[in-house]
Amino acid sequence: MMRPRRGLDPNSVWAQRLRQLEQRLRAKEERIVVLETENAVLHLKLAEYQGLAGRSTKEVLQLYAAHGQQMKFQSSVVTQLHGAIKRLKQDLKSLHSFALELSKDFQRQSKACLYQVLAAVQGIQLHNEAMQMFQIKAFDLEQSLQEVTERYEKEKQKRKALHNSLIELRGNIRVHCRIRPLLPFDDAAGHSQDRQRNFSEKVAYAADDETILVKCSRPGHASVNKTFQFDRVYNDLESQDAVFADVAPLLTSLLDGYNVCIMAYGQTGSGKTYTMLGPQLEGNLAFAIEEESELGIIPRATQEVFRLISEKPPGSYWVEVSVVEVYNNEIFDLLAKDSCGKVFGVKRDVVTTREGKSDVPSLTHETVENASEFLHLVNKGLQLRVTHPTLVHAHSSRSHLVVTLTITTVVFGDNFGTLWEDEQTSQRLNKEASFTFPQKTRDNKSTSSSRASSPVQLEATEKMKQVKTRLQLVDLAGSECVGMSGVTGAALRETSFINRSLSALADVLGAIAEQRAHVPYRNSKLTHLLQDSVGGDAKLLVMLCISPGQKYLTESMQSLGFGTRARQVQRGQVKKKNFSVPSKGK
Ligand SMILES: Nc1ncnc2c1ncn2[C@@H]1O[C@H](COP(=O)(O)OP(=O)(O)OP(=O)(O)O)[C@@H](O)[C@H]1O
């Protein structure tokens, strides 16, 4: 405690002292407030830190727990790994011993293989030597095969020549068979009762150039292969050229004094008109003359005849043509003209002459000087030919077409023998030759009935002789099943006439084959008209046309049966043309 100093008022000292104390007290109190505030702040911080500490403790605990689990997991993984490593070690050990075994085995096998390879190499060497021997042998065999093939070809040619001579001696009818390609219209269904079958399936094949094979199948039955032999079989790819190449020799025969008839037979749509004439122009019966490679037998035969004639002495031959159709058992002259010169079909009749030959009186014969004149006339005649669309195809011919080319050969007595190659024929023909010949008129026209007057009879002189040979080219109407062609009404009547005339033709062949005394030529105008070619002395070629599809199987089998029957016919040796000495007035 402070004592008042000497000389100073003790009260003022004390007051001063009090004031100081009060000031200090106030300072202390302020300090206390500050400290309390700081204390409160510190409390707050403490509480905050306590909270933090609590949370950290929790996290630490969680971490501890996780760490514990981790440790557990690690120890189990380690245990597992230990196990696995142990097992791996064992596997490795067994693998190692296995590899050792394997390698030992491999070595053993390699050794064995090596021995085998060595043996094989030795074997190959031996084989090579043997192979060389075989090659030498094969070469020898190839050579002998070639020789045998050549001999076989020669023998085949000889056989064919002999067969042809045999055919000639027996008077057999040659039958060639042509299979046309499948065409778009073959897809159309025909028989309503049999729609399930694949109509466009091909069933007719050329097995070789003399055999046709037909796969015959009926629903529910195994298919059976049937074969038919003909003098020549053309497959669907063979061209018009190939077909004509086999026909051409007959034309040489024609100029050698034989009558020749080529006739296309087959079911409707099988390619008869295509084969005989060529493809027809759209909407028109004429055929396309421009497409030379597509021309059929008729135009080609004409060209060939005129070519052969051109090689003969000039003026010694002339050619006449007649075109008829047999429609509904009536004969129509397709070259007959009205008073204005317009062609119109006129009915004609067929008669049997006193000599037993068939003849069509008043039939128009036009003289032609070259192939194009001939084709022009045929095309004109074709415009009148009756056709109808059928279910099979659009231009079905409803009539039989017979184009006849008559070649008259004029010879003068001294030269007569030079025209025919063999002496015997020359002598025979020389005796038989007629002494008249029709002179070509300016309008190139003659008729058979008027032969006595219209072709002017020249004064008979011993020096002038004539001989006629005839080439008949026949495009028959198609044999057909009514259900297949789908025709009705008048067309059905036509079909019935067509079928009747074709079966009359088959009957005639049957009668000739069986050498019956009576051959029913007169049962139909067709057979009556073709009497001399079918039963007479003509070289006859039947060109059988076949559609290859399943759809036409029945009709194809019927046509093949017809061809087989035709082939069996023996008519006696085909003769060279007999020359008739026309009686006076004929
Ligand atoms: N070999 C072939 N190559 C190509 N097309 C052909 C062949 N044969 C026929 N055709 C075609 O088939 C169709 C029918 O042929 P085509 O008119 O010649 O039959 P068809 O037997 O004369 O019939 P139809 O008796 O009904 O007159 C025609 O369109 C013809 O062009």
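For clarity, every value in this text was computed on a predicted model and none was experimentally measured.

### Brief notes about the sheet that holds strand 2 (residues 204-208)
Then, number 1: The sheet built from three strands is open, its strands ordered 2-3-4 with antiparallel pairing. Looking at strand neighbours, the two that pair on one side only are strand 2 and strand 4 (224-229), the edges of this open sheet. Neighbour to neighbour, the strand axes of the sheet diverge by 30° on average, direction disregarded.
Then, number 2: Pairing geometry for strand 2 and strand 3 (residues 211-216), over four bridges, is antiparallel. Each bridged residue has a counterpart across the sheet, and for Tyr 205 the counterpart in strand 3 is Leu 213.
Then, number 3: Contacts from helix 12 (residues 553-568) reach strand 3 and strand 4 within the one sheet, and its direction differs from that of strand 3 by about 145°.

### What about the pattern of salt bridges?
Then, number 1: By the definition in use, this model includes 18 salt bridges.
Then, number 2: The residue Arg 516 makes a salt bridge to Glu 514 at a minimum N-O spacing of 3.0 Å.
Then, number 3: Among the charged side chains, a network of salt bridges with common partners joins Glu 330, Lys 347, Asp 349 and Lys 525.

### A short note on unusual backbone geometry
Then, number 1: Not every positive phi belongs to a glycine, and Asn 329 is a case in point at roughly 60°.
Then, number 2: Its location among the elements puts Asn 329 in the loop between strand 7 (317-327) and strand 8 (330-333).
Then, number 3: Even without being glycine, Gln 515 reaches a positive phi, approximately 50°.
Then, number 4: Along the polypeptide, Gln 515 turns up in the loop between helix 9 (489-513) and helix 10 (525-529).
Then, number 5: The exposure class of Gln 515 is exposed, given its relative accessible area of 61%.

### Some details on the UniProt feature "binding site: ATP" (unreviewed entry) in the chain
Then, number 1: The UniProt record annotates "binding site: ATP" (unreviewed entry) at Gly 266, Gln 267, Thr 268, Gly 269, Ser 270, Gly 271, Lys 272 and Thr 273.
Then, number 2: Here Gln 267 falls in the buried class, since its relative accessible area comes to 2%.
Then, number 3: Relative to the elements of secondary structure, Gly 271 occurs in the loop between strand 6 (260-266) and helix 3 (272-276).

### Here's the deal with the UniProt feature "coiled-coil region" (unreviewed entry) in the chain
Then, number 1: Mapped onto the present numbering, the UniProt feature "coiled-coil region" (unreviewed entry) falls at residues 11-38 and 138-165.
Then, number 2: Note that residues 11-38 is 100% helix and 0% strand, and that its end C-alpha atoms are spaced 39 Å apart.
Then, number 3: Helix makes up 100% of residues 138-165 and strand 0%, whereas the separation of the span's terminal C-alpha atoms amounts to 39 Å.

### Considerations on the packing of helix 4 (residues 297-310) against helix 5 (residues 371-384)
Then, number 1: Where helix 4 meets helix 5, the axes come as close as 9 Å, and the angle between the chain directions of the two elements is 150°. As summarised for this structure, helix 4 and helix 5 are arranged roughly antiparallel, according to the angle between their axes. Every pair of crossing elements has a handedness; the one defined by helix 4 and helix 5 is right-handed. On helix 5, the residues that touch Ile 298, Pro 299, Thr 302, Gln 303 and Phe 306 of helix 4 are Ala 371, Phe 374 and Leu 375.
Then, number 2: Along the lines of polarity and charge, the residues of the contact of helix 4 with helix 5 split into six nonpolar, two polar and no charged.

What counts and what doesn't
- Residues numbered from 1 in each chain as written.
- Predicted model: local features only at pLDDT ≥ 70, side-chain atom pairs only at ≥ 80, totals over all residues.
- Heavy atoms only, no water.
- Pairing = 2+ DSSP bridges.
- Helix = DSSP H or I, 4+ residues; strand = E, 2+ residues; numbered from the N terminus.
- Axes fitted to C-alpha atoms, helices over the stretch in contact; angles between N-to-C directions.
- Contact = heavy atoms within 4.5 Å.
- Salt bridge = Lys/Arg side-chain N within 4 Å of Asp/Glu carboxyl O.
- Buried < 20%, exposed > 50% of the residue type's maximum accessible area, 1.4 Å probe, protein only.
- UniProt positions renumbered as here; feature names shortened; annotations may be inferred.
- Parallel < 35°, antiparallel > 145°, perpendicular 65-115°, else oblique.
- Left-handed = near helix turned anticlockwise from the far one by under 90°.
- Nonpolar A, V, L, I, M, F, W, Y, C, P; charged D, E, K, R; others polar.

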